[in-house]
Structure formats: C-alpha cells, structure tokens
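Spelled out, the chains give:
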Amino acid sequence: MIYGTDQGIYVSDRKNKDSTPRRVIEVPSVTQVDVLEEYGLLLILCNKTLMSYSLQALEPNEPALSKRGKKIQSHCTFFKAGICLGRHLVCCVKSTALSTTIKVYEPNDAMSKGKKQKGFGKMFNAGQDELKAFKEFYIPTESTSVHFLKSKLCVACSRGFEVVSLETLETQSLLDQADTSLDFVARKEGVKPIHIERLNGEFLLNYTDFSFFVNRNGWRARPEWRIDWEGTPQSFALSYPWILAFEPNFIEIRNIENGAVHIVPHKNIRMLHSSTHEVSAARKKNAKGQC
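Please read all numbers here as calculations on a predicted model, not as lab measurements.

Caption draft 1: Region of interest: the pattern of salt bridges. Counted by the stated rule, this structure contains eight salt bridges. For R23, the salt bridge identified is with E26, shortest N-O distance 4.0 Å. By relative accessible area, R23 is classed as partly exposed at 40%. Residue E26 is classed as exposed on the basis of its relative accessible area, which comes to 66%.

See below:
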C-alpha cells in the first residue's frame with residue numbers, strides 16, 4: 001500500500017497486519033499518487049507540482065540517488081491517468097475559477113515492460129523523458145475531474161460534463177439539450193458534476209445533488225431511475241451494484257438495482273482511492289493523506 005502524506009510517501013505491506021508504514025520518499029504536501037506499472041513509474045503531486053519517480057524508489061533500502069524525481073509540470077491542480085484511443089495517458093489539469101488548461105502526456109513507449117533495452121539502447125532511453133507531451137486544450141471554466149472514455153475525455157466542469165475529442169480537440173456537452181426530460185439539471189442552481197461511470201453502454205452521471213443515467217447520445221436512459229442524495233457528496237465510487245457517495249459527515253451507499261440505502265456516519269471522511277475491486281476511505285486528522 002502506498003500513502004501520500006504531508007511529510008512524503010509511505011509504504012506498508014498489506015499482507016502483514018502488523019506492518020508499520022515506512023517513509024520511502026521525502027517530499028512535502030502530497031495530494032495525489034498513482035502508479036503506471038506498465039512503465040515502472042510512480043506519479044506524485046506535491047505542492048501542485050507533478051513529479052515522476054521510478055517504482056524502485058518505493059524500496060526502503062534503495063540509495064538516495066534512485067529516489068530523485070523528475071518534474072513533469074508545475075501549477076497542477078490535479079492529474080488523472082488512464083487509457084484513451086488505446087494509449088496510456090496522463091492528464092495534468094491547471095484549473096482556476098475562470099478557466100482550465102489540460103495538458104495530456106504519454107509515457108515513453110521505450111520504457112514499457114514489454115520492451116527491454118540493452119547496451120546503448122538502454123543508455124539512450126535513460127536520458128529521455130518518461131512522459132512526453134501529447135495534446136493540450138483549454139476550457140473557459142473551472143474543472144473538477146477528468147474521466148477517460150474509449151476515444152474521448154469527459155471533463156466535469158462548472159457548466160456540466162464536457163466531452164473532448166483528443167483527435168480534433170473539439171468540445172461538446174455530454175447532455176443533449178433536445179431532451180427536455182433533462183431540464184431538471186439546468187433548473188437546479190448550484191449543482192456540480194462530480195463523477196461519471198460507464199455501465200453496459202450507458203453512463204451514470206453523479207452530481208452533488210443527484211445521479212441518473214444517459215445513453216451514448218446524451219439522452220436520458222432509465223427515465224424512472226434517479227437518486228437524490230441526502231447530503232452533498234464530494235466524491236463517488238462504484239462497487240457494483242453499489243454506488244458510494246462520500247461527504248465529510250457520512251458515506252451514503254445506494255444499490256443501483258433495488259434502491260437499498262445504507263448510511264455510514266462518521267466525522268471528517270473523504271475518499272482516498274477506488275478501483276474495480278475496492279474502495280478506500282480515511283478520516284482526516286492533522287496530516288492530510290492520499291493513497
């Protein structure tokens with residue numbers, strides 16, 4: 001398990017319940033971490049600067065020289081790694097109240113595990129950048145998250161979910177305004193898009209106030225299905241058939257199929273990480289953490 005904290009990166013052995021987290025990289029104010037295992041890369045966002053490290057840096061006994069990171073980009077609000085157009089990509093997002101600039105990077109293919117280099121080839125690739133610039137685009141509003149579709153990106157911003165083609169960089173709204181059954185979204189003031197999930201060809205759109213389904217054309221799917229959240233979720237995670245909504249004072253868990261509801265109250269909760277297998281959460285204390 002990898003932990004990002006105010007004091008650096010810690011690791012612990014998940015199989016050993018008595019394992020104490022050990023600090024392996026000393027960097028300040030870590031707010032995000034991610035691993036590109038295929039390329040042997042660890043990505044860290046610290047002090048709004050995106051850094052890349054070799055996965056070897058996670059080994060406690062590695063020399064200090066191997067724990068030096070490379071700066072990818074400064075002024076980064078958050079980043080997101082995923083697959084789009086059949087490529088592994090990393091989106092670095094610089095967002096303000098008025099605008100968003102998203103720079104898209106692609107890992108150096110020569111670093112892939114499937115392409116082992118020897119001799120001069122290995123020496124040559126060692127001097128190359130781990131991430132190379134791929135695309136860059138601008139959205140004239142604040143953005144809060146980025147999601148990877150098969151051939152496009154979906155950006156959650158103050159005006160809704162925007163779909164961006166990485167081939168043409170054209171942007172359009174995910175919701176089709178011709179569908180009047182979606183008028184409730186525009187009528188609700190202060191609602192923010194947070195998260196999107198793809199399920200069997202449909203998209204589950206999660207906002208701070210409600211969740212609902214649309215089809216690939218942006219029209220309402222499952223017209224009778226909608227969740228109105230009890231709180232104001234700040235993040236979501238899917239563990240099918242359950243959708244989890246996180247806010248500071250409780251986790252709201254809803255069954256997508258039968259509507260069952262569970263509320264898990266606590267103080268200072270936030271989601272740390274989700275995957276296809278599990279969801280992790282933690283209480284905030286004095287030190288901030290991200291795993």
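Caption draft 2: Quick peek at the nonpolar core. Counting 18 residues, the largest nonpolar core has F161, L175, L205, Y207 and F212 as its most contacted members. In terms of nonpolar packing, the next biggest core, distinct from the first, is built from 15 residues, I102, V104, V146 and V155 among them.

Caption draft 3: Spotlight on unusual backbone geometry. For the bond running from Y240 to P241, omega is 5°, close enough to zero to count as cis. For P241, the location among the structural elements is in the loop between β21 (235-239) and β22 (242-247). The phi dihedral of N47 falls on the positive side, at around 50°, and the residue is not glycine.

Caption draft 4: Representation of the environment of V35 within the structure. When you line up the elements, V35 lands in strand β4 (residues 30-36). For V35, a relative accessible area of 32% gives the class partly exposed. Sequence-wise, V35 and L55 are 20 residues apart; in three dimensions their C-alpha atoms are separated by 8.1 Å. In contact with V35, not counting residues within four places along its chain, are I2, L41, L42 and L55.

Caption draft 5: Spotlight on the pairing of strand β16 (residues 193-199). Where burial is concerned, most of β16 is hidden: six out of the seven residues are buried. Pairing of β16 with strand β17 (residues 202-207), which is carried by six bridges, proceeds in the antiparallel orientation. Each bridged residue has a counterpart across the sheet, and for R198 the counterpart in β17 is F203. The turn linking β16 back onto β17 is made up of two residues, and N200 within it adopts a positive phi angle of 50°.

Caption draft 6: Examining the sheet that holds strand β12 (residues 143-148) more closely. The strand order across the open sheet formed by four strands is β12-β13-β14-β15, and the pairing between neighbours is antiparallel. On the outer flanks of this sheet lie β12 and β15 (171-173), each paired with one strand and no other. Neighbour to neighbour, the strand axes of the sheet diverge by 25° on average, direction disregarded. Note that strand β14 (residues 160-165) and β15 share three bridges and pair antiparallel. Each bridged residue has a counterpart across the sheet, and for V164 the counterpart in β15 is T171.

Parameters and conventions
- Residues numbered from 1 in each chain as written.
- Predicted model: local features only at pLDDT ≥ 70, side-chain atom pairs only at ≥ 80, totals over all residues.
- Heavy atoms only, no water.
- Salt bridge = Lys/Arg side-chain N within 4 Å of Asp/Glu carboxyl O.
- Buried < 20%, exposed > 50% of the residue type's maximum accessible area, 1.4 Å probe, protein only.
- Core = buried A, V, L, I, M, F, W, Y, C linked by side-chain atoms within 4.5 Å.
- Helix = DSSP H or I, 4+ residues; strand = E, 2+ residues; numbered from the N terminus.
- Contact = heavy atoms within 4.5 Å.
- Pairing = 2+ DSSP bridges.
- Axes fitted to C-alpha atoms, helices over the stretch in contact; angles between N-to-C directions.

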